[in-house]
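Spelled out from the first residue to the last, the chains are:
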Amino acid sequence: MSKRVIVIVLMLFGFVTFAQNKQLLFGFNDIPQSVLINPSTTPDNELFVGLPLISHIHLGFGSSGISAFDLFADDGRDFSDKLRQVIFQLDNNDFFMATQQVDIFSGGFAFGSGIEKDRYLSFGMYLETDAIAYHPKDYAVLAFEGNATNIGRVFDVSDLNFTGEVLSVLHVGITKKMNDKLTLGARGKIYSSVFNVTSTDNRGSFITEEGQNNLLIHTFNIDFTFNSSGIASLTEDSNSDISNDIKTLRKRLLFGGNLGLGLDFGFTYQPSDQWTIEGSLLDVGFVRHAKDIETYRVKGTYVYEGINPLFPEVPTGQTAEDYWNDIADNFEELFDIDSTATKYTTWRPTKLNAAVRYRFGKKISKDCNCYAEDGGYLNAVGAQLFAIRRPRAPQLALTAFYYRRVFKGLQFKATYTIDSFSFTNVGLGVSTDIGPLNLYVLADNVLEYQNLAKAQSLSLQFGLNFVFGKGQ
Amino acid sequence: MLNSKLNYIVCFFILILTCTSCVKDVDFNQAENLTLTPIVAASVVYTDVEASRFSENGTEIETVRDSIANIEIFTEQFVIDNLVRTDLVFEVTNSIDRSFELDVEFLDESDTLLDVFTFEALPSNGSNEVITMVTEVYENERLEALKQTTKLVITLRLLPSSDGSTLNENSTGRIILKSKGLFYLNLSA
């Protein structure tokens, strides 16, 4: 593949972000990591230790408008035609996204001064990748058709809008039961950015119209900025020894990168035994990029109507050649890439989770035909809302769920989610305990697993933890 | 107990489904067949000349010639590789009662003439505007000539009048030249 195609494919798919919505994990307090979705969720254990690197792995991607199948289906149709169709079918609010999260280590324990331990402390460190790219529609149309058939069309510079980052997050959170009904939680986070690329604040337009003095008039009004951190030192160093780069990356994971701070908040309110209302706000924070930064900027305005070589009406005695050179200079100035190192701040994609839950159906003991002593309801149904801040507009998702505790060591959760990607997202999750080992697998869009290429979004989470004191 | 066993089976069935899921009927190598064929439209030259400008101290000026040198766009590697056709569209609006001949010459760095085309702008019929439009298509050999061009020379030649009259300071009308280029690109993987 030539470089050009790689660039085009990158533009379309490279910045695939994982679906950040963890509708299956939210409220699933048999799984210790559920406390990361709402810091006021009290995990159902006294102590947990996550298995390093595999206690929580989350992979996901989403594409609001198309699936890989739409474009790459082996159907004999010309690829360029299919790509053209996709480009025109999607609008500039469609996006591609990808997310990945891996726990490096994690743990937590319950504590408290009274007999009943009313507090839970959880901590850990994870590596997160998050990226989103909006469909650069006007750029794609320009690349496909050119301006000749688009006289009068405004090509919007802001259609190029993407951000991507890899960072490590060190966190400590506390969950405190305030009274019988209310539990509050908060988590502090320190971010250490490994890489960041951001181009979310582009403005301006390019338009070709019927001219006055000439057949056409071209108006350029461009303000384009691309910021990166953590890239320059790796691409510019002359050493071909990759182990040096790995050393650099390891340093950055452990606070050698660009640093930031963030907070999570959450509450759980139980007005009655069976009803629960809960909400959380995650990643209210920022990263300040001050080290290893690069900024590219193209900014300028120019109106071009053509060249007037005969009798140029210039009183200064300028020759036609001077006049032509002026035009060339103006173009060069307009498209001159201004390269600097400007510090910048990125805001984390803040997430909101909310849920209302109704629990029912206690276990009936076979011995006495009465409620079993280990108590608790076996079923729960409810609705969840998820929102995430994105460069253009927040993304929303609405979920209905059913939770079932089959027996003490096996729990299910099934979800049905409506979001930007589809109206048919069915998710299934299972958490099982074998001795102190807790294993869970959560997968959404299970209907698409017969052919993953047709899925517009997928999210898969799994992990292994050692859990002690469950159900106490 | 049987019920929970069933649940276990369902659960592992889902796990197996997850592990055996696949990607069917897709061919990612198709991306290598991608071809883009945009057409770029750009203004080229324009001018607006009053009839009186063809007279100096009472004498008619027959030829007006000027050039644009140091043109880099046609010899850019990107253009040489990807430009497959060019249409140059000229529109002349004449409101002078005289015919004009227009020459557009393409020269390379050593001033070698690579290509020339000539067309006539018809005379105005009693100061009414007469529009002449020509489209020159550059393909194959002519296009190759265009890809070596670094200099354009444009000559506006006043053709002799049928009745022997000449243009003077008080002659009316004007000749307006407008043009654009349509550049057909073929970008492939």
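Quick notes on the rules
- Residues numbered from 1 in each chain as written.
- Chains lettered and ligands numbered in written order.
- Predicted model: local features only at pLDDT ≥ 70, side-chain atom pairs only at ≥ 80, totals over all residues.
- Heavy atoms only, no water.
- Axes fitted to C-alpha atoms, helices over the stretch in contact; angles between N-to-C directions.
- Helix = DSSP H or I, 4+ residues; strand = E, 2+ residues; numbered from the N terminus.
- Left-handed = near helix turned anticlockwise from the far one by under 90°.
- Contact = heavy atoms within 4.5 Å.
- Nonpolar A, V, L, I, M, F, W, Y, C, P; charged D, E, K, R; others polar.
- Buried < 20%, exposed > 50% of the residue type's maximum accessible area, 1.4 Å probe, protein only.
- Arc of directions from axis to C-beta.
- Pairing = 2+ DSSP bridges.
- Polar contact = N/O pair within 3.5 Å; in protein donor to acceptor, adjacent residues only side chain to side chain.
- Patch = residues over 30% accessible without salt bridge, like charges linked within 9 Å, V, L, I, M, F, W, Y side chains within 5 Å.
- Areas by Shrake-Rupley, 256 points an atom, 1.4 Å probe, with all protein chains shown as cover.
- Salt bridge = Lys/Arg side-chain N within 4 Å of Asp/Glu carboxyl O.
- Lys, Arg positive; Asp, Glu negative; His and termini not counted.
- Charge placed at Lys NZ, Arg CZ, Asp CG, Glu CD.

A short note on the packing of helix 3 (residues 79-89) of chain A against helix 4 (residues 137-145) of chain A
Residue and element names in this part refer to chain A.
Here is step 1: In contact at an axis separation of 10 Å, helix 3 and helix 4 are set at 145° when each is read in the N-to-C sense. The chirality of how helix 3 crosses helix 4 is left-handed. Contacts from S80, L83, R84, I87 and F88 in helix 3 reach K137, A140, V141, F144 and E145 in helix 4.
Here is step 2: Looking at the contact of helix 3 with helix 4 residue by residue, the class counts come to six nonpolar, one polar and three charged.

Describing helix 3 of chain A
Here is step 1: Within helix 3 of chain A, the full set of buried residues consists of F79, S80, K82, L83, V86 and I87 of chain A. The arc enclosing the buried residues of helix 3 of chain A, seen along the axis, measures out at 160°, which places them on a common side.

Points about the pairing of strand 20 (residues 437-443) of chain A
Residue and element names in this part refer to chain A.
Here is step 1: Within strand 20, five of the seven residues are buried, leaving the element largely enclosed by the surrounding structure.
Here is step 2: Taken together, strand 19 (residues 425-434) and the strand that follows it, strand 20, pair antiparallel across an intervening segment of two residues, in which G435 is found at a positive phi of about 60°.
Here is step 3: Looking at chain direction, strand 20 and strand 21 (residues 457-468) are connected through seven bridges and run antiparallel. Opposite Y440, over in strand 21, you have G463 as the bridge partner.

Section: the side chain of N38 of chain A
All names here are of chain A.
Here is step 1: Secondary-structure assignment places N38 in the loop between helix 1 (3-14) and strand 1 (47-50).
Here is step 2: Within the structure, the side chain of N38 is placed 3.5 Å from the backbone oxygen of G279, a separation counted as a polar contact.
Here is step 3: For N38, the contacting residues outside a window of four places in its chain are F26, G266, F267, T268, E278, G279 and S280.

Overview of a negative patch on the surface
Here is step 1: On the surface, D322, D326, D329, E332, E333, D336 and D338 of chain A together with E72 and E76 of chain B cluster together into a negatively charged patch.
Here is step 2: Among the elements that make up the negative patch, the one with the highest residue count is helix 7 (residues 320-335) of chain A (five residues).
Here is step 3: Inspection of the secondary structure puts D336 of chain A in the loop between helix 7 and strand 13 (338-340).

A few points about a nonpolar patch on the surface
Residues and elements named next belong to chain A.
Here is step 1: Side chains of L263, F265, L281, V284, L352, L385, L396, L398, Y416, I418 and F423 sit close together on the surface and give an oily, nonpolar patch of about 940 Å² of accessible area.
Here is step 2: Mapping L281 onto the fold places it in strand 11 (residues 275-289).
Here is step 3: What makes L281 partly exposed here is its relative accessible area of 33%.

Observations regarding the environment of N57 of chain B
Residues and elements named next belong to chain B.
Here is step 1: Relative to the elements of secondary structure, N57 occurs in the loop between strand 3 (55-56) and strand 4 (59-60).
Here is step 2: Taking relative accessible area as the criterion, N57 reaches 74% and is therefore assigned exposed.
Here is step 3: Separated by 112 residues in the primary sequence, N57 and E169 place their C-alpha atoms 8.3 Å from one another.

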